[in-house]
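This is what each chain is made of:
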Amino acid sequence: MTATEAWTGVVAHPAARATACRHCGEPVPRGSLGVPDASAFCCHGCAASWTLLHEAGLEHFYDLPERRGRAVRPSGRGFEEFDHAAFHRLHVRAADGGLAVTEWVLEGVHCPSCVWLVERVPLLLAGVHRAELELGRSIVRIEWDPAEQPLSAVARQLDALGYTPHPFRGASVDAVRRREDRLMLTRIGVAGALAGNVMMVAVALYAGWFGHMEPAHERYFRWVSLALVTPAIVWPGRGFFQGAWSALRQRTLNMDVPIALALGAGYARGAWNTVVDSGPIYFDGVATLIFLLLIGRFAQQRAQRAAVDSAELLHSLSPAVARVREGETVHEVPVEALLPGMTIDVRPGDAIAADGEVVEGCSEVDRSLLTGEARPEAVAPGDRVHAGTINGGSPLRVRVEQAGEATRVGRLMREVEHAAARRAPLVLLADRLSGAFVGGVLLLAAATFAIWSRLDPAMAFDHAIALLVVTCPCALALATPLAVSVAIGQAARRGILVKGGEALQRMARPSLLLLDKTGTLTEGRATLVHWDGPDAVRGAVLALEHHSQHPLARAFRAAWPDVEPGSASEVRQTAGGGIEGLVGGRRVTVGTPTFVRARLAEPESASPVSYAAMETVAWVAVDGELVARAGFEDALRGDAAESLAVLRALGFRARILSGDAPGAVARVAASLGLTPEEAQGGRTPEDKLAAVEAASADGDVVMVGDGVNDAAAIARAGVGVGMRGGAEACLATADVFLSREGLAPLAELAAGARRTMRVIRLNIAISLVYNLLGAGLAMAGRIDPLVAAILMPVSSIAVVLIAWRSRMFPAEAR
Amino acid sequence: MSVMYVLVPVALLLVALAVAAYAWAARSGAFDDLDTPAVRALHDDPAEARVVRRGASGEQRPR
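Throughout this document, residue positions are counted from 1 along each chain, in the order its sequence is written. Think of it this way: whatever chain is written first is A, whatever ligand is written first is 1, and the rest follow in order. Under the rules for a predicted model, residues below a pLDDT of 70 receive no local features and side-chain atom pairs below 80 are neither given nor counted, while totals for whole chains, interfaces and linings still include all residues. Calculated side-chain values reflect all of the structure's heavy atoms, with hydrogen atoms and water omitted.

K.L.:
Explain the interface of chain A and chain B here, please?
P.N.:
A common way to report how large an interface is uses the accessible area buried once the components associate. With 36 residues of chain A at the interface, the matching set in chain B holds 32 residues. Here chain A packs against chain B, burying approximately 3100 Å² in sum over the two surfaces, 61% of which is carbon and sulfur. The salt bridge definition used is simple: a Lys or Arg side-chain nitrogen within 4 Å of an Asp or Glu carboxyl oxygen. With its nearest N and O atoms 3.6 Å apart, the salt bridge here joins A:Arg178 to B:Asp32. Working definition: helices are DSSP H or I runs of at least four residues, strands are E runs of at least two. Numbering for both runs from the N terminus. The element contributing the most residues to the side of chain A that touches chain B is helix H6 (residues 171-210) of chain A, with 9 residues. Any residue that is not Ala, Val, Leu, Ile, Met, Phe, Trp, Tyr, Cys, Pro, Asp, Glu, Lys or Arg is counted as polar, Gly included; the first ten are nonpolar and the last four charged. Taken together, the residues of the side of chain A that touches chain B sort by class into 17 nonpolar, 10 polar and 9 charged. Residues count as neighbours in contact if any of their non-hydrogen atoms are within 4.5 Å of one another. Accessible area that two parts lose when put together, with a 1.4 Å probe and added across both, is what the buried area reports.

Take a look at the structure:
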């Protein structure tokens, strides 16, 4: 169906082919919508969007050539929290003319036409002055008049079209970074323009050697190059001198030291030679060097930032609202605005936003992110619940006792900050080399000077300077950042977000791997692993479980996606017990053995033996007769054993560090072939941090986890790896975030890091060979600025090509 | 060849102007987002588009 047909809704023979939705073009299911003209739309979302666009005169949307239809899935939320003062404090900034600005991450931005829609639809509301979408990150900037229009109305408007907004949490950092980026771009541009012009003048000078050039012209061109290269040294090149100076003040060496040495020596000698009007100048080499090095650094910065960005966007998408109950009304409030004494409603499946006491409702709470325990805990009125845990079964009402920083999660997060500060710094490979490099170059320069003082004292100083310039570690300084930026880019496409080059260097060496259990080695949720009963009952079980949000209900549904659920009536759930109802006229009961036994006609007949190793058992009875038993476990991830084997083959030693009961941890360890000593259960977050700290004394530690209880350990470890689906705290502190399900990305990361280091070493070797060649020529007195100007870019280009063509994270899984 | 003494400064002046223009563009955020503006430019103004379409085919859109 074409776009034209979609908006006209005219299909040649409606009977002959399935009608396509007027809004998105997807096939319309038969007679399911209770709206007028139901045959024209596939869903309510699309019908509402179509109406909205037509009333506003924005039908042109359907003519956009690059529009890709997609069914509209609004969240239908009220977004009341967007009008809350606390929300405005956190996410809204003042702009000129009494206006305010906020930034949202939008869900559902999928094609270029979304730009058209997102930038026009909010303007239909009075008081909205501007909407600007950044397609790459799906961030929209809204500028509006808070006196005229509540922000929630703008949010509802976008949500109605399927672009569910979430406040962007990185806005303040983003502004700082943007300023840095702009400054860096300006520097690169200035350095590039100066380098290009110095080069042109240099070509004229080199040409003058072969033909004839008047001495006055030559002098003039030398002065012009000096005039051009001076600003390049003073402004864009200043960073290298500052970097070198601060390293020297701390009595260390980094890559900036040899760079500053070469730049300084080349520039000073060139300037002197210009003034005295004899001897070589090195200005073209110096200017090009500054330009190339800035580009290399910018590339690495950009790649790392892209990884941090993706993690931040994910962070923004995790909801941070609580439903506060005041009397009979409920409204949504940002978590940051919760105060002790408020009452919050927690729906099944939602995270509990604060520490508090249950005042109403019985449910089961999943504490795995907070403590690592896989088995949910039953709670009833009077019990305490903690922020960061997830309500599993049925609605709860909780009176807030502690919120924000004061909660257990908040206290853990402060621990995380301290832990991150205590992490051992890593000397990057290139920086480590620079010490030996600087020493070697200075030694060779001294030797050159000494030898030539005997042979030809007039030329001794120039030859020594030529050596300093030609051995400038340009390629060496480009080798690492480029390889790292390419590797990070490739890793991101494989769902591995690497936030810094250090992590790659650390991951390349085998070290101690500390693994969390729940959610890392295991799925982190109950999985049906044992079914002992007739297949025919499965439909009846699903019919009941369809009505429940309980973790076991989800496990049943996930285990049998192909089974057609029957329909159930008179469904009744008992928290901590089970679920019962009528399916096809027969009474079906699913629940704990105790719950089902009480409903059996002959309770004694049911064998009391259950599967000893199973964590959770459910029974199924039909008309008072026990017909099936089901066993659930927090099952091992499908790729866990295989990935761990790969990691071990790479030389990593693995240990499990879990907050779950030692018995459960030992079982997982056994199935992975780990000795009982290598599996530690019952660890608190503080224990985990201490374990990482102790192990760090003997070498690098890689900590892999998903929960708040792992966050401090992740921050302290040499490499902290956060798993998909984990707590926000992990997302923020981890050096590497695996946005793909499973442990396979971890093995890929280790192998990829190793390949990256191999590329870096190859690049370093190439640039060292070039430097040796240059040093040899300079010592022999055979180097002149033209040779240097040719050698330098050749080695840099070789390094760039190697980094760019390398496949460090291959697209297909190994 | 003494024209050099005039031409080179003139050329450098032009370079300075170009660099200043570039610096202004970078600082005012022209290079912040390289994807969206390209897309935005493809979308014509809806009012104009409607006039053109109606004139061309004479068809009426359903309301």
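Here the narrative resumes, following the displayed structure.
K.L.:
I keep staring at the sheet that holds strand E26 (residues 719-723) of chain A and nothing clicks. Help me out?
P.N.:
All names here are of chain A. Pairing between strands is defined by DSSP: at least two bridges between the two strands are required. Strand order in the open sheet made by the 7 strands is E15-E27-E26-E25-E16-E23-E24, with mixed pairing throughout. The two strands at the open ends of the sheet, each matched to only one other strand, are strand E15 (496-498) and strand E24 (679-680). Where strand E16 (residues 512-515) meets strand E25 (residues 701-705), 4 bridges bridge the pair, whose relative direction is parallel. Note that in E25 the partner of Leu 514 across the bridge is Met 703.

K.L.:
What's the story with the layout of surface pockets in this structure? I'm lost.
P.N.:
Empty space left among the atoms is revealed by rolling a probe the size of a water molecule over them. Site definitions follow a grid-based scheme: protein atoms alone, a 1 Å grid, a 1.4 Å probe that fits but cannot get out for cavities, and for pockets an open set with protein on both sides within 12 Å along at least five of seven lines, plus lining residues having an atom within 4 Å of a point. Grid points are joined across faces, edges and corners, and a volume is the space filled by probe spheres set on the points. One number sums up the size of the second largest pocket: a volume of about 580 Å³. Forming the boundary of the second largest pocket are 19 residues, of which A:Glu134, A:Arg137, A:Arg302, A:Asp309 and B:Asp32 lie nearest the centre. If you list the elements that add at least two residues to the lining of the second largest pocket, you get H6 and helix H10 (283-317) of chain A. In terms of residues, the lining of the second largest pocket owes the most to one element, H10(A), which gives 6 residues.

K.L.:
I keep staring at the pairing of strand E21 (residues 616-622) of chain A and nothing clicks. Help me out?
P.N.:
Residues and elements named next belong to chain A. The cut-offs for exposure are 20% and 50% of the maximum accessible area for each residue type, with area from a 1.4 Å probe on protein chains only; residues under the lower value are buried, those over the upper are exposed, and the others partly exposed. Taking burial as the measure, the 7 residues of E21 include 6 buried ones, the bulk of the element. Pairing analysis gives 4 bridges linking strand E20 (residues 586-591) to E21, with the strands arranged antiparallel. In the strand pairing of E21, Val 590 is matched with Val 620. Pairing of E21 with strand E22 (residues 625-636) involves 7 bridges; the strand directions are antiparallel. For Val 617, the partnering residue across the bridge sits in E22 and is Gly 631. The antiparallel hairpin formed by E21 and E22 contains 2 residues in its connecting segment, where Asp 623 sits at a positive phi of about 50 degrees.

K.L.:
Please explain the packing of aromatic side chains as it appears in this structure.
P.N.:
Any aromatic ring pair is given by two values, namely how distant the centres are and how the planes are angled relative to each other. Residues and elements named next belong to chain A. When two rings of Phe, Tyr or Trp (its six-membered ring) have centres within 6.5 Å they constitute a pair, described as stacked for plane angles under 30 degrees, edge-to-face for angles over 60, and tilted for the intermediate range. This model, assessed by the stated rule, comprises 14 aromatic pairs over all chains. For the ring pair Phe 61 and Trp 116, a centre distance of 6.1 Å and an interplane angle of 25 degrees mean the geometry is stacked. Linking Phe 61 in the loop between helix H2 (44-55) and helix H3 (85-91) with Trp 116 in helix H4 (residues 113-120), this pair joins segments that are 55 residues apart in sequence. Residue class for Trp 116 comes out buried when judged on its relative accessible area of 0%.

K.L.:
Honestly, the side chain of A:Asp345 in this entry has me stumped. Any pointers?
P.N.:
All names here are of chain A. Here Asp 345 shows up in strand E8 (residues 343-346). The exposure class assigned to Asp 345 is buried, which follows from its relative accessible area of 15%. Definition of a polar contact: a pair of N or O atoms within 3.5 Å, with one able to donate and the other able to accept a hydrogen when the atoms are protein atoms, and with sequence-neighbouring residues admitted only if both atoms are side-chain atoms. Here Arg 325 takes part through its side chain, which lies 3.1 Å from a polar atom of the side chain of Asp 345.

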